[in-house]
Amino acid sequence: MIHIKIFLPIFTAAALLASCNSNPAATEKQTTEAVAEPGAGNLIRLTAAQVKQAQIETGGFVQRPLSELLPAAAELHVDKEHTATVSAFTEGIITDLRITQNKVLSKGAVVAVLQKPDLVDMQQAFLENRNKLAFLQTEYDRYKQLKDADATALKNFQKAEAELRTAQTGDKAMAARLRQFQIDPDKLSADNIKTQILIHAPISGTVTRISAGLGSALQTGDVVCDMSDFTQLHPVIYVFEKDIARVKTGQKVFLHFPADPGNILQASVFTVERTVDPERKAVRVHARFDRQPGSTLVSGTYLDAQIVLSGPGSNDALPEDAVIREDSGNFIFAMMEQTDQGAVFKKIPVQIGATDGTFIAVRPMESLPADIKIVTKGAYYVSAQGAGVEGEE
């Protein structure tokens, strides 16, 4: 009994001291942490202090006319049929170059003048053959009348006929060749023999590259310049295979440069390719501008595009901040209960649709009461607390 009287006060004092040294902040933290309801699935409980701290606001679904948009990357492009490589169709030396970089040419305009040394010989041979043709025709007509007189006359007729046919064939062949060199054989005479050949623009367009200069000795097929018709410049939109079935001709497209999102260009889809671009692993969709944006656009420039998949319709919508995007899908939070001590929220999976940049179409994956309160502000805070992430105090 004497020992008990000595140690009991000491034990009691130690117990009181331990009680006094307990951490009140830890106790307070326990009362302010979000608590997932045991066995309640996606329910998250927040204290009144947390609700106030997150400035949580709630609201309901609203009806908004929204168009479903498909975002994609785009590039300005001129198709091959609207470009040209201007080449020499014969050998020669450039004596006059009538183009400059970025010069706009009409179809048929002179690009360059070639000096062709053997062009004179070709015309001379044609004129001599044509003069000979008149003589051979006369000989043929004379021996034709005499062929029945004796065997010698018949033999001379046959020779004259063969020579005439040979000369006629040569005349036609040389005339065709002269036409290739832009010379009209019916107007050719000894007084207008040409020594130069003109190279013409095969399309209307802009000179994008010059590959030859004055004095260049060209062989057949050598390139003089390249041209592109930039009036045919149009956006090519790259759409992934999983979305291509939703893209159709006639759909509207909104485009803007990444550095100038406020300048919206409108276009319409006019064709969808049926092969996958091997470099981008996407299908090329071609569109035409509704209005030509002017001459400032450059081929090869990249743009951001949005294809309008559906016209505006009435949709159940929420502010975009109300939808939480996670790896497993999209979610919203519904307030199931609110008291002075705090509130209980339920995480609900949803499917999303069209957006106008502020509101987004939302379809919950489960039935909800008509008067359900949805977290429209502070949804990320609720999500973080449900995941065990502490919010800022």
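Enquirer: Account for the nonpolar core, naming residues and giving values.
Expert: In a soluble, globular protein the nonpolar side chains are often hidden away together inside. Of all hydrophobic cores here, the largest spans 28 residues; its most connected members are Leu105, Val111, Leu114, Leu218, Cys225 and Met227. Contributions of two or more residues to this core are made by strand E6 (83-87), strand E9 (110-115), helix H4 (119-146), helix H5 (151-180), strand E10 (196-200) and strand E13 (223-228). Not counting the four nearest positions on each side in its chain, Leu105 is found in contact with Ile99, Val111, Ala201, Ile203, Ser204, Gly205, Val207 and Met227.

Enquirer: Kindly report on the sheet that holds E6, identifying the contributing residues and their values.
Expert: Ordered in space as E6-E13-E11-E8, the 4 strands form an open sheet in which the pairing is antiparallel. With one partner strand each, in any of the chains shown, E6 and strand E8 (104-105) form the two edges of the open sheet. One ladder, built from 4 bridges, connects strand E11 (residues 205-210) with E13; its direction is antiparallel. Bridging across to E13, Val207 finds its partner in Met227.

Enquirer: So what's going on with the packing of aromatic side chains? Which residues, and what values?
Expert: All told, the structure shown has 2 aromatic pairs when counted by the stated rule. Where Phe89 meets Phe181, the ring centres are 6.1 Å apart and the plane angle is 35°; that geometry is what we call tilted. Residue Phe89 is located in the loop between E6 and strand E7 (92-97), and its partner Phe181 is located in the loop between H5 and E10; the two are separated by 92 residues in the primary sequence. In this arrangement the basic side chain of Arg165 is found over the ring face of Tyr140, its NZ or CZ atom lying 5.5 Å from the centre. Against the face of Tyr238 rests Arg280, its NZ or CZ located 4.0 Å from the ring centre.

Enquirer: Go over the side chain of Gln251 with me, naming the residues and quoting the values.
Expert: Here Gln251 is to be found in the loop between helix H6 (241-244) and strand E15 (252-257). Looking at Gln251, the relative accessible area reads 11%, which means it is buried. In this structure the side chain of Gln251 is engaged in a polar contact, spanning 3.1 Å, whose partner is the backbone oxygen of Arg246. Aside from chain neighbours lying at most four places away, what touches Gln251 is Arg246, Ala267, Ser268, Val269, Ile307, Val308 and Leu309.

Enquirer: Pulling in residues and values, what's your account of the sheet that holds E9?
Expert: On the basis of which strands lie adjacent, the open sheet formed by 4 strands has the order E10-E9-E7-E12 and antiparallel pairing. Since the sheet does not close on itself, it has two edges, and those belong to E10 and strand E12 (217-218), each with one partner. Note that E7 and E9 share 4 bridges and pair antiparallel. The residue of E9 that forms the bridge with Leu97 is Ala112.

Enquirer: Describe helix H7 (residues 379-386), with residues and values.
Expert: Those residues of H7 that fall on the buried side of the exposure criterion are Ala379, Tyr381, Val382, Ser383 and Gln385. Looking at the packing, one finds that the buried side of H7 touches strand E2 (43-47), helix H3 (48-54), strand E20 (324-326), strand E21 (329-339), strand E22 (342-355) and strand E24 (373-377).

Enquirer: Describe the side chain of Gln123, listing the residues and the values that go with them.
Expert: Turning to its location among the elements, Gln123 is positioned in helix H4. Ignoring sequence-local partners within four residues, the contact set of Gln123 consists of Leu178, Ile183, Leu188, Asn192, Ile193 and Lys194.

Enquirer: Please set out the pairing of E21 residue by residue, giving values where relevant.
Expert: In the case of a regular strand, side chains alternate between the two sheet surfaces. Pairing of E20 with E21 involves 3 bridges; the strand directions are antiparallel. Note that in E21 the partner of Ile324 across the bridge is Phe331. In textbook terms, the turn of a hairpin is the stretch between consecutive antiparallel strands, and for E20 and E21 this stretch comprises 2 residues. As paired elements, E21 and E22 share 9 bridges and run antiparallel to each other. From the neighbouring strand, Phe331 faces E22, where its bridge partner is Pro349. Relative to E24, E21 runs antiparallel, the two sharing 2 bridges. Its bridge partner lying in E24, Met335 is registered against Lys373.

Enquirer: Quick one: what's the story with the environment of Asp79, residue by residue and with numbers?
Expert: Along the polypeptide, Asp79 turns up in the loop between strand E5 (69-77) and E6. The buried category is assigned to Asp79, whose relative accessible area is 14%. The spatial distance from the C-alpha of Asp79 to the C-alpha of His234 is 8.7 Å, given a sequence separation of 155 residues. At 3.5 Å, the side chain of Asp79 forms a polar contact with the side chain of His77.

Enquirer: Which residues make up the pattern of salt bridges, and what values do they have?
Expert: Taken as a whole and assessed by the stated rule, the structure comprises 16 salt bridges. For Arg209, the salt bridge goes to Asp226, with nearest N and O atoms at 2.8 Å. Placement of the pair is Arg209 in strand E11 and Asp226 in strand E13, with a sequence separation of 17 residues. The partner of Glu366 in a salt bridge is Lys346, with the nearest N and O atoms 3.1 Å apart. Highlighted residues: Glu366 in the loop between strand E23 (359-364) and E24 and Lys346 in strand E22, separated in sequence by 20 residues. In this structure, a network of salt bridges that share partners links the residues Glu91, Lys116 and Asp118.

Enquirer: Give me the lowdown on the pairing of E24, citing residues and values where you can.
Expert: Pairing geometry for strand E3 (residues 57-59) and E24, over 3 bridges, is antiparallel. The residue of E24 that forms the bridge with Gly59 is Ile374.

Enquirer: Outline unusual backbone geometry, listing residues and values.
Expert: Positive phi, close to 65°, is recorded for Gln182, a residue that is not glycine. By the element assignment, Gln182 lies in the loop between H5 and E10. Notably, Lys281 is not glycine yet its phi reads approximately 55°, a positive angle.

Calculation rules
Residues numbered from 1 in each chain as written. Predicted model: local features only at pLDDT ≥ 70, side-chain atom pairs only at ≥ 80, totals over all residues. Heavy atoms only, no water. Core = buried A, V, L, I, M, F, W, Y, C linked by side-chain atoms within 4.5 Å. Buried < 20%, exposed > 50% of the residue type's maximum accessible area, 1.4 Å probe, protein only. Helix = DSSP H or I, 4+ residues; strand = E, 2+ residues; numbered from the N terminus. Contact = heavy atoms within 4.5 Å. Pairing = 2+ DSSP bridges. Phe/Tyr/Trp six-rings, centres within 6.5 Å; stacked < 30°, edge-to-face > 60°. Lys NZ or Arg CZ within 6 Å of the ring centre and 35° of its normal. Polar contact = N/O pair within 3.5 Å; in protein donor to acceptor, adjacent residues only side chain to side chain. Salt bridge = Lys/Arg side-chain N within 4 Å of Asp/Glu carboxyl O.

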